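Residue-level structure breakdown
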Amino acid sequence: MSEPESAASEPTRIDPRPAGVADPATDPRPRHHVRSRLMRESLLDRDVERSTESPVFRMLPEAHVLKIGGRSILDAGREVVYPVVAALASCLERWKLILGTGGGVRTRHVFSIGIDLGLPTGVLAQLAAADALGNAHILGTLLAPYGVVAIPPEIFGHLLPLFVHSAPGVVFSSVPPYSLWEHPPGVGSIPPHRTDAGAFLLAECFGCKSLTLVKDVDGLHDADPKQDPSARFIPEIGLAELRRRRFATLPFEPVLLDLLANARLLDRFQLINGRRPKRIQAALAGEHVGTIVHRDA
Amino acid sequence: MGPGMTEPETKRDAGAAGDAGEEALLSELGQALVEGSLSDADLLARTGLPAPVHILPQANVVKIGGQSFIDRGRAAVFPLIDEIVANLGRHQMVLGTGAGTRARHAYSVGLDLGMPTGVLSVLGTFVSMQNARMISYLLAKHGIPFIEPAQFAQLPLYLAERGAVIFFGMPPYIYWQQNPRIGSGRIPPHRTDTGAYLVSEVLGTRSMIYVKDVEGLYTADPKKDKHARFIPRATVAELAAMDLQDVVVERAVLEFMANARIRRSIQIVNGLVPGNLTRALDGEPVGTVITAD
């Protein structure tokens, strides 16, 4: 805390004094405050906001978060998924893994039906959670022989430290719990916080060691390599340059740029190609085997 | 091959995505969504039509302030409860609660101990839940329930049957709450004003009313600055241009309003003045009205 106040160390007590301009003697309906350094303050005042900038405790500093793509990996069938599972299994011997799953093609389909029916963004976000959860159960099934468990979203956050310490890895639906409370996007109606964002926010809040997005491209290119064979690979890029170059598409959710810019603990993430499964282990070992997107210094 | 993995007897086409074939997807847009990139601006623009349905167009979302209202206790809360009861049958009300002074205490303790913003969000949720429970007991004899996010599927029934329902204002982001911008501190930026607002947007309600202890928006905090001027009506763009040090609703609400499909205005009223909530529910421009357009 930047400015510890003596009041903060005093025993908590109810302060019956009214706030602000009202005369304490005549205000019949005073606010009753609990003494704290934010007591009576508007939490919307910019100076008050600024004063709360402070160091952050890391809850799970040894755990690695990986987001396993839905359409790119889990929908791609046995030839792609089994080698990824084998690679993840070999990593479990060295590292604690928190594995988020994407929703894949079923999420895209439910979006298209929902949009056609006129359902708003928050409803689309609520619907999307089911597909990623299904994929979490698929991945959890395949990793069950290694003691990895798929955790229901209702208890996942609260019990995560327990699971990380008692199992070699956990699987979760990477959809963040925004549901009906999803933010309205600037353009169109697709929920902006999908499974990449869910993995990012989790890794940031729990202070995890790394975030790796496992998809079906080698990383970021200056064009979509599936459409344009001359697309050039970009091994590493900072946020400012990424925003400046305004690529037509990105191989991850654009909202990650904002989340990374505001992150206090994570300073980068790496996007790797899960169709080259050996890169998963390399990425966790800290090697540069895809595109690293980093915060600007 | 790991344990449990066997070779399939026959190779099948694994690619479901491109397999439109004889049973084409609903629409060209559907096909594009299944195959395309959701970061493609052209594709995203096409997902804006048709316009979203208004799920509960008769309902009003009313947020009852925490520090500004509930923390004042009986003297402030009981008259408002009476006014809510008087409006049962006249207006459908989805009542959200703020957090208030205990959240400030929890945030202070949590920040000192290094809690991440996502954990602070959990703490704030608990306080707004306490306030929702207290309000719900005061309205219980009218059959009005308190629902948590998982029970929102029942909200339309409760609203049709009893005319009102209570929820906690915090959006259920918990550990997934986003950080404020660097330099803007670490208190969750999306709190109860935002949570209530997003309910009004997604449900397509007819209004979003904030019940606070000030008349509305001022040029400065009227509790601290006697020269603060009252602003009865403003647009989001005008507010951005004024670059106020302090605002009466969370800044995220103003940001989201600019992107909203349905809920493009909000109203702030002084609930300490009897009749103000009723006037707002009746559609009168009492207090401050902020619009996106």
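**A look at the overall build of chain B**
Along chain B, the regular secondary structure elements total ten helices and ten strands. For chain B, the spread of C-alpha atoms along the principal axes amounts to about 75 × 45 × 40 Å. Every one of the 293 residues in chain B was classed for burial, and the buried ones make up 50%. Long-range pairs, those at least 24 residues apart, make up 70% of the contacts in chain B between residues at least 6 apart in sequence.

**Overview of the sheet that holds strand β3 (residues 63–68) of chain A**
All names here are of chain A. In space, the eight strands of this open sheet follow the order β5-β6-β4-β3-β7-β11-β12-β10, with mixed pairing throughout. Here the strands that pair on one side only, and so sit at the sheet edges, are β5 (149–150) and β10 (236–238). Sheet topology places strand β7 (residues 210–215) next to strand β11 (residues 268–273); four bridges connect them, and they run parallel. Bridge assignment links Val 214 to a residue of β11, and that residue is Ile 272.

**Quick word on the sheet that holds strand β10 (residues 288–291) of chain B**
Residue and element names in this part refer to chain B. Taken in spatial order, the eight strands of this open sheet run β3-β4-β2-β1-β5-β9-β10-β8, and their pairing is mixed. The open sheet has two free edges, formed respectively by β3 (146–147) and β8 (233–235), since each of these has just one partner strand. Most of the contacts of helix α6 (residues 155–162) go to strand β4 (residues 164–168), to which it runs at about 140°, and overall it touches β1 (59–64), β2 (92–97), β3 and β4.

**Notes on the packing of helix α4 (residues 105–116) of chain A against helix α1 (residues 28–35) of chain B**
Between α4 of chain A and α1 of chain B, the least distance of the axes is 8 Å, while the angle of their chain directions is 155°. On the basis of the axis angle, α4 of chain A is roughly antiparallel to α1 of chain B. In the packing of α4 of chain A onto α1 of chain B, the handedness of the crossing is right-handed. When α4 of chain A is examined against α1 of chain B, the residues Val 105, Arg 108, His 109, Phe 111 and Ser 112 of chain A are found in contact with a partner set consisting of Leu 29, Gly 30, Leu 33 and Val 34 of chain B. A breakdown of the residues in the contact of α4 of chain A with α1 of chain B according to their chemical character gives five nonpolar, three polar and one charged.

**Concerning the interface of chain A and chain B**
Listed per partner, the contact involves 83 residues of chain A and 88 residues of chain B. Elements that contribute at least two residues to the side of chain A that touches chain B include exactly β2 (33–34), α2 (46–51), α3 (78–91), α4, α5 (121–143) and α7 (195–205) of chain A. Among the elements that take part in the side of chain A that touches chain B, α4 of chain A stands out by supplying eight residues, more than any other.

What counts and how
Residues numbered from 1 in each chain as written. Chains lettered and ligands numbered in written order. Predicted model: local features only at pLDDT ≥ 70, side-chain atom pairs only at ≥ 80, totals over all residues. Helix = DSSP H or I, 4+ residues; strand = E, 2+ residues; numbered from the N terminus. Buried ≥ 20, exposed ≤ 12 C-beta atoms within 10 Å, placed from the backbone. Contact = placed C-beta atoms within 7 Å. Pairing = 2+ DSSP bridges. Axes fitted to C-alpha atoms, helices over the stretch in contact; angles between N-to-C directions. Parallel < 35°, antiparallel > 145°, perpendicular 65-115°, else oblique. Left-handed = near helix turned anticlockwise from the far one by under 90°. Nonpolar A, V, L, I, M, F, W, Y, C, P; charged D, E, K, R; others polar.

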